[in-house]
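# Results of the structural survey
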Amino acid sequence: MYMNIFGVLAGTLLAVMGILLSIRAFHHYKNIQEPGKNLARNFLISASLFIAGSLGVVIDSLSETKLWWISAIFYTISYVVLVSSVLYYLDALSPQEVKPRKYPEKISLSPITGAYVFKKSASPHGLTFLSRHSSGLLVVSRSQKELWIKKYQLEPDKFIWLSRLEKEGAGDPTKLHVIQDAILRFLREKGGKAVVYFEGIEYLILYNDFSSVAKFLFSLKDYVISNESMLILYLPPNVLDKTQETTLLKEFQEKREEELIKEISQKLFAALLEGGNHASGKDKEE
């Protein structure tokens, strides 16, 4: 039986390397958001093609029929996919890095502004993303600040603890106008483009009727949007009856966190590309 032992060993080693790379690429694909998710997907495709090419080396080494051209095709496609993806991202990012003075304006969050309802509480990853790509993150919560930070591994720029205790940083649920004023001051200080994450609506309803809480949230929504910022309201299941929930959803758009993060990522990346094209146009003019 024909066998090229060195070819078998080399092909097997390359296949194992490809499998390890595929596992790592799949891990990144599952755990990161756009636009990095596209790069992880392309890397996974490239690694899979690399595995196919390596298996072709093994088969060629075990057979008298020369099948090296199959491996060559898979390796070539794998290389083209990987290099094209890397060059695409380098082209998108390089203008900002090489010529920072061309981009004095900060690409902060709000290519998207608005008011959204999450039926599931925000994740640490999601809030970290929003904080990183905005001018500031304000959190309103029934949880104490220390416990909230421990849970999310993130310290917001401002934190309002919903409590009737007269302590610094606390927001009395019976004084909705005071909570609103504190949020507005934060938005003005940050110059807009901030994120307000609001949880604890069930606590407000204990001290106020639903109509008062709804008016407070609708007014807050208008102020947030007028400051080109974003308001996210966490609405736990079974807190409101159907009529009350319908009333809120007329003003707040229900959205899943991953959907919102994807929209923001795509718009930020598009803005980055547009900025790069704009700078290239200026360079040509000069």
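## Thoughts on a nonpolar patch on the surface
A surface patch of nonpolar side chains, about 370 Å² in accessible area, is lined by Val16, Ile19, Leu20 and Ile23. Within the secondary structure layout, isoleucine 19 lies in helix α1 (residues 5-31). Isoleucine 19 sits in the partly exposed class, given a relative accessible area of 41%.

## Some words on the packing of aromatic side chains
Within the structure shown, the criterion is met by 4 aromatic pairs. Ring geometry for tyrosine 203 versus tyrosine 207: centroids 5.2 Å apart, planes at 65 degrees, classification edge-to-face. Of this pair, tyrosine 203 and tyrosine 207 both sit in helix α7 (residues 201-207), 4 residues apart, which is roughly one turn of that helix. The exposure class of tyrosine 203 is buried, given its relative accessible area of 9%. Feature note: the residues Trp148, Tyr152 and Phe159 constitute an aromatic cluster, connected by ring pairs. The ring of tyrosine 203 is capped by arginine 142, whose NZ or CZ atom sits 4.1 Å from the centre of that ring.

## Brief notes about the pairing of strand β6 (residues 230-234)
Along β6, 5 of the 5 residues are buried, which leaves the element largely enclosed by surrounding structure. Side chains of β6 alternate between two faces, with Met230, Ile232 and Tyr234 and Leu231 and Leu233 buried alike. Looking at chain direction, strand β1 (residues 114-118) and β6 are connected through 5 bridges and run parallel. The partner of valine 117 across the bridge, within β6, is leucine 233. Inspection of the sheet shows strand β5 (residues 195-198) paired to β6 by 4 bridges, in the parallel sense. Looking at β6, one finds that valine 196 is bridged to leucine 231.

## Describing unusual backbone geometry
Positive phi outside glycine occurs at glutamine 153, with the angle close to 55 degrees. Within the element layout of this structure, glutamine 153 appears in the loop between α5 (145-152) and β3 (158-162). Notably, asparagine 238 is not glycine yet its phi reads approximately 65 degrees, a positive angle. By the secondary structure assignment, asparagine 238 is in the loop between β6 and α9 (242-249).

Parameters at a glance
- Residues numbered from 1 in each chain as written.
- Predicted model: local features only at pLDDT ≥ 70, side-chain atom pairs only at ≥ 80, totals over all residues.
- Heavy atoms only, no water.
- Patch = residues over 30% accessible without salt bridge, like charges linked within 9 Å, V, L, I, M, F, W, Y side chains within 5 Å.
- Areas by Shrake-Rupley, 256 points an atom, 1.4 Å probe, with all protein chains shown as cover.
- Salt bridge = Lys/Arg side-chain N within 4 Å of Asp/Glu carboxyl O.
- Helix = DSSP H or I, 4+ residues; strand = E, 2+ residues; numbered from the N terminus.
- Buried < 20%, exposed > 50% of the residue type's maximum accessible area, 1.4 Å probe, protein only.
- Phe/Tyr/Trp six-rings, centres within 6.5 Å; stacked < 30°, edge-to-face > 60°.
- Lys NZ or Arg CZ within 6 Å of the ring centre and 35° of its normal.
- Pairing = 2+ DSSP bridges.

Read these as layout, nothing more, since geometry by itself doesn't imply function.
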